[in-house]
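Structural overview for review
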Amino acid sequence: NAGVTQTPKFQVLKTGQSMTLQCAQDMNHEYMSWYRQDPGMGLRLIHYSVGAGITDQGEVPNGYNVSRSTTEDFPLRLLSAAPSQTSVYFCASSYRGTGPNEKLFFGSGTQLSVL
Amino acid sequence: GENVEQHPSTLSVQEGDSAVIKCTYSDSASNYFPWYKQELGKGPQLIIDIRSNVGEKKDQRIAVTLNKTAKHFSLHITETQPEDSAVYFCAASSEEYGNKLVFGAGTILRVKS
């Protein structure tokens, strides 16, 4: 099992550009989520999904879109990048039986810089 | 909504000593409290979690205690080793707010050998 795989590991964007952060898991987890990590602020929930076709907003959803067409994949889209979106982004997944957002398995992260 | 405060922000201990990290939460309805460890360049990894119906939980050198009345919970690491050096995050969630995790700001633990 590869676990939770995130690509790319690093990305530099210019203000206004769009991009998609990829996340895939091979553990057949129902729940998937995206967090951003900023210095001194811990991890903040952006969006999450409880299953294919179902998504919901987290604490800081503005400027980000998600979709969940398959159980395995949960991409995060930045529609028009802004310097405030410079951060490290983590994708996570968890078993349905443990409840959403419990016992999370995290990917290794994507470091994004917006100039 | 929930607010989680974590202290200290940095902690240095000598190898073999104990380390304690404390978190306070604001929402009395919170019922799930995990702790995550993040090593340099990696994603966070769950090390222990506790529910509100339990006061203490242990796993080898790691323990978590919960005081619901005071709304705080703590991570205890005994006999620290250099490989315990990492950033530790606490979090809290409640069913009332859709089980969304709210994380503390993190504690950098350095174990000196």
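Quick look at the structure, then. Just so you know, these numbers come straight off a predicted model, no measurement behind them.

A word on the layout of surface pockets
Over the atoms, a rolling probe the size of a water molecule traces out where space has been left empty. Taken as a whole, the largest pocket encloses approximately 540 Å³ of empty space. A:Q37, B:Q38, B:L40, B:G41 and B:V87 are, among the 27 residues lining the largest pocket, the residues nearest its centre. When residues of the lining of the largest pocket are traced back to their parent elements, those giving at least two are β9 (87-94) and β11 (110-114) of chain A together with β9 (86-92) and β11 (107-112) of chain B. Looking at the lining of the largest pocket residue by residue, the class counts come to 11 nonpolar, 12 polar and four charged. In this structure, the second largest pocket occupies an estimated 310 Å³ of space. The residue makeup of the lining of the second largest pocket, split by class, is nine nonpolar, six polar and four charged.

A word on the sheet that holds strand β8 (residues 72-77) of chain B
All names here are of chain B. Strands sit in the order β1-β3-β8-β7-β6 across an open sheet of five strands; the sheet is antiparallel. At either end of the open sheet lies a strand with only one pairing partner, and these are β1 (4-7) and β6 (56-59). Shown here is a sheet whose adjacent strand axes are inclined to one another by a mean of 15°, direction ignored. Pairing analysis gives four bridges linking β1 to strand β3 (residues 19-25), with the strands arranged antiparallel. From the neighbouring strand, V4 faces β3, where its bridge partner is Y25.

As for the side chain of B:E2
All names here are of chain B. By secondary structure assignment, the location of E2 is in the segment before β1. Despite its burial, E2 pairs with no opposite charge; the closest candidate is K71, at 7.5 Å N-O. A polar contact is formed between the side chain of E2 and the backbone nitrogen of S26, at a distance of 2.7 Å. With residues up to four places along the chain from it excluded, the contact list for E2 reads Y25, S26, D27, S30, A92 and V102.

Here's the deal with the interface of chain A and chain B
On the side of chain B, 18 residues touch chain A, which itself brings 19 residues to the contact. Of the roughly 1,500 Å² buried between chain A and chain B, counting both surfaces, carbon and sulfur atoms make up 52%. A per-residue breakdown of the area chain A buries against chain B is headed by A:L43, A:E102 and A:K103, which together make up 32% of the total. In this assembly, chain A and chain B are joined by two salt bridges. Note that A:E102 is salt-bridged to B:R51, the shortest N-O span being 2.4 Å. Taken together, chain A and chain B are joined by six residue pairs in polar contact (both at pLDDT 80 or more). Elements represented by at least two residues in the side of chain A that touches chain B include exactly β4 (31-37) and β5 (43-51) of chain A. Per-element accounting of the side of chain A that touches chain B gives the leading share, three residues, to β5(A). A class-by-class count of the residues in the side of chain A that touches chain B yields nine nonpolar, eight polar and two charged.

A look at the state of the cysteines
What makes a disulfide is a covalent bond joining the sulfur atoms belonging to two cysteines. Residue and element names in this part refer to chain B. Across all of its chains, the model carries two disulfides over all chains by this definition. One disulfide bridge connects C23 with C90, the sulfur atoms lying 1.9 Å from each other. Its S-S torsion of about -100° marks the bond between C23 and C90 as left-handed, since a negative value means left-handed. Taken together, the residues span a long stretch of sequence, with C23 in strand β3 and C90 in strand β9 at a distance of 67 residues. Judged on exposure class, the residue C23 and its partner C90 are both buried.

Cut-offs used in this document
Residues numbered from 1 in each chain as written. Chains lettered and ligands numbered in written order. Predicted model: local features only at pLDDT ≥ 70, side-chain atom pairs only at ≥ 80, totals over all residues. Heavy atoms only, no water. 1 Å grid on protein atoms, 1.4 Å probe; cavity = no way out; pocket = protein on both sides within 12 Å on 5 of 7 lines; lining within 4 Å. Points joined across faces, edges and corners; volume = space filled by probe spheres on them. Helix = DSSP H or I, 4+ residues; strand = E, 2+ residues; numbered from the N terminus. Nonpolar A, V, L, I, M, F, W, Y, C, P; charged D, E, K, R; others polar. Pairing = 2+ DSSP bridges. Axes fitted to C-alpha atoms, helices over the stretch in contact; angles between N-to-C directions. Buried < 20%, exposed > 50% of the residue type's maximum accessible area, 1.4 Å probe, protein only. Lys, Arg positive; Asp, Glu negative; His and termini not counted. Salt bridge = Lys/Arg side-chain N within 4 Å of Asp/Glu carboxyl O. Polar contact = N/O pair within 3.5 Å; in protein donor to acceptor, adjacent residues only side chain to side chain. Contact = heavy atoms within 4.5 Å. Buried area = accessible area lost by both parts, 1.4 Å probe. Disulfide = S-S within 2.5 Å.

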